[in-house]
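Overview (structure and organization)
The lines below spell out each chain.
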Amino acid sequence: MQDRNDRERLRETFDTAADRYQRARPDYPAELFDVLETLAGLSADARLLEIGCATGKATAPLAQRGYRITCLELGPELAAAARRNLSAFPRVTVLTGDFETWQRPPGTAFDLVFAATAWHWLDPATRWRTAWAALRPGGHLGFWAAAHVFPDGGDPFFHELQPVYDEIGEPQPPGEGYPSPGELADSRAEIEATGLYDGVEVRHFDWETVYDAGSYIDLLDTFSGHIAMAPLQRGRLYGEIRRRLTARPDGLVRRHWGAVLHVCRRRG
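Here is a short report on the structure shown in this document. Please read all numbers here as calculations on a predicted model, not as lab measurements.

This part takes up the overall build of the protein. The number of helices and strands found in the protein is 11 helices and 8 strands. Rg of the C-alpha trace for the protein: 19 Å, near the compact-globule value of 18 Å for 268 residues, within the 12% margin. Going through the 268 residues of the protein one by one, you find that 49% of them count as buried. For the protein, restricting intrachain contacts to residue pairs at least 6 apart in sequence, the fraction spanning at least 24 positions comes to 78%. Summed over all atoms, the accessible surface of the protein reaches about 12500 Å², with 50% contributed by carbon and sulfur.

Turning our attention to the environment of R236. Here R236 is to be found in helix α11 (residues 231–246). Separated by 69 residues in the primary sequence, R236 and E167 have C-alpha atoms spaced 9.5 Å apart. Ignoring any residue separated from it by four or fewer positions in sequence, one finds R236 in contact with V164, E167 and I168. There is a polar contact of 2.9 Å between the side chain of R236 and the side chain of E240.

Moving on, we get to helix α6 (residues 127–134). Taken together, the buried positions of α6 are R127, W128, A131, W132 and A134. Taken end-on, α6 shows its buried residues confined to a sector of 160°, consistent with a single buried face. On its buried face, α6 is in contact with β1 (47–51), β4 (110–116), β5 (135–144), α8 (188–194), β7 (197–212) and β8 (252–266).

We now examine the pattern of salt bridges. If you walk through the whole model with that rule in mind, you get 14 salt bridges. Between R65 and E37 there is a salt bridge, and its shortest N-O distance comes to 2.9 Å. Taken together, the residues R65 in the loop between α4 (59–63) and β2 (68–73) and E37 in helix α3 (residues 30–39) connect sequence positions 28 residues apart. The class of R65 is partly exposed, set by a relative accessible area of 30%. What makes E37 partly exposed here is its relative accessible area of 23%. The closest approach of N and O atoms between D155 and R248, which form a salt bridge, is 2.7 Å.

What follows concerns unusual backbone geometry. In the Ramachandran plot, A54 falls in the positive-phi region, its phi being about 50° despite a non-glycine side chain. Positive phi is not limited to glycine here, since T117 has a value of about 55°. In this fold, T117 is placed in the loop between β4 and α6. By relative accessible area, T117 is classed as buried at 13%.

In terms of nonpolar packing, the biggest core is built from 53 residues, with L48, I69, W144, Y216, L237 and I241 touching the most fellow members. Listed in part, the 26 residues of the second largest apolar core include F99, A118, W132 and C264.

This part covers the pairing of β5. Judged by how many residues are buried, β5 sits mostly within the fold: 7 of 10 residues are covered. Pairing geometry for β4 and β5, over 6 bridges, is parallel. Paired with V113 across the two strands is L141, which belongs to β5. Regarding the hand of the β-α-β motif, the stretch spanning β4, α6 and β5 is right-handed. Bridging between β5 and β8 involves 4 bridges; their strand directions are antiparallel. Looking at the pairing, F143 lines up with H262 of β8.

The rules we used
- Residues numbered from 1 in each chain as written.
- Predicted model: local features only at pLDDT ≥ 70, side-chain atom pairs only at ≥ 80, totals over all residues.
- Heavy atoms only, no water.
- Helix = DSSP H or I, 4+ residues; strand = E, 2+ residues; numbered from the N terminus.
- Rg over C-alpha atoms; globule rule 2.2 N^0.38 Å.
- Buried < 20%, exposed > 50% of the residue type's maximum accessible area, 1.4 Å probe, protein only.
- Contact = heavy atoms within 4.5 Å.
- Areas by Shrake-Rupley, 256 points an atom, 1.4 Å probe, with all protein chains shown as cover.
- Polar contact = N/O pair within 3.5 Å; in protein donor to acceptor, adjacent residues only side chain to side chain.
- Arc of directions from axis to C-beta.
- Salt bridge = Lys/Arg side-chain N within 4 Å of Asp/Glu carboxyl O.
- Core = buried A, V, L, I, M, F, W, Y, C linked by side-chain atoms within 4.5 Å.
- Pairing = 2+ DSSP bridges.
- Right-handed = clockwise from strand over helix to strand, strands pointing away.

The values are spatial; any link to function lies outside them.
Written as structure tokens, this is what we have:
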């Protein structure tokens, strides 16, 4: 597990990728938002709080459904991009700030607090209580992340490329492996152990995105670990990606994504 200093240092790297984030990061499946809406029992006038909205990838599908959404984004460049991307939705407000220190207006409580690929950046010691405090009684917490999964018959490119990561001193973290769709770990036990939530629901989703060399490198340049690499490391890795994809007849790579949606109800 990352210590606090490493977590804070890496999460701040995303603001340097604001110009790439919207075009490079994958869209989440529409079905995920349907399930979130149902499990959280959202009414038409529900008030939502999003943690770490980045450029609004997960905000827009919910804004299109008419919800009032307050978005918190740590990075000023990302927050500015989110305001541009979400300008068509007058019920969405994007604030620049840190969820862990944000002071809610007195009397404000939310029907849903949610985070898309941002929950793991929060302090595990305080995030559950902080989200609980922002919810109305009976409100819901929802979070998920987009992770790499490896289906049977998936693209072998990533296994073939792993020795290059090893060579530049960026091996897989211990225990990460190559999970299949539906095998990503969930946080049910951790949620239940807090004593702050009940009615825990977990759903798995998976989908595939196709990239050429340029768009795949754009994607990698939105990942904190790749942003933080030394230039020589990145140059070696990205050069090898371009070389290998150029050698393919179609020049494309297929990356399979998985997401584990967690939805739970505030107790008390």
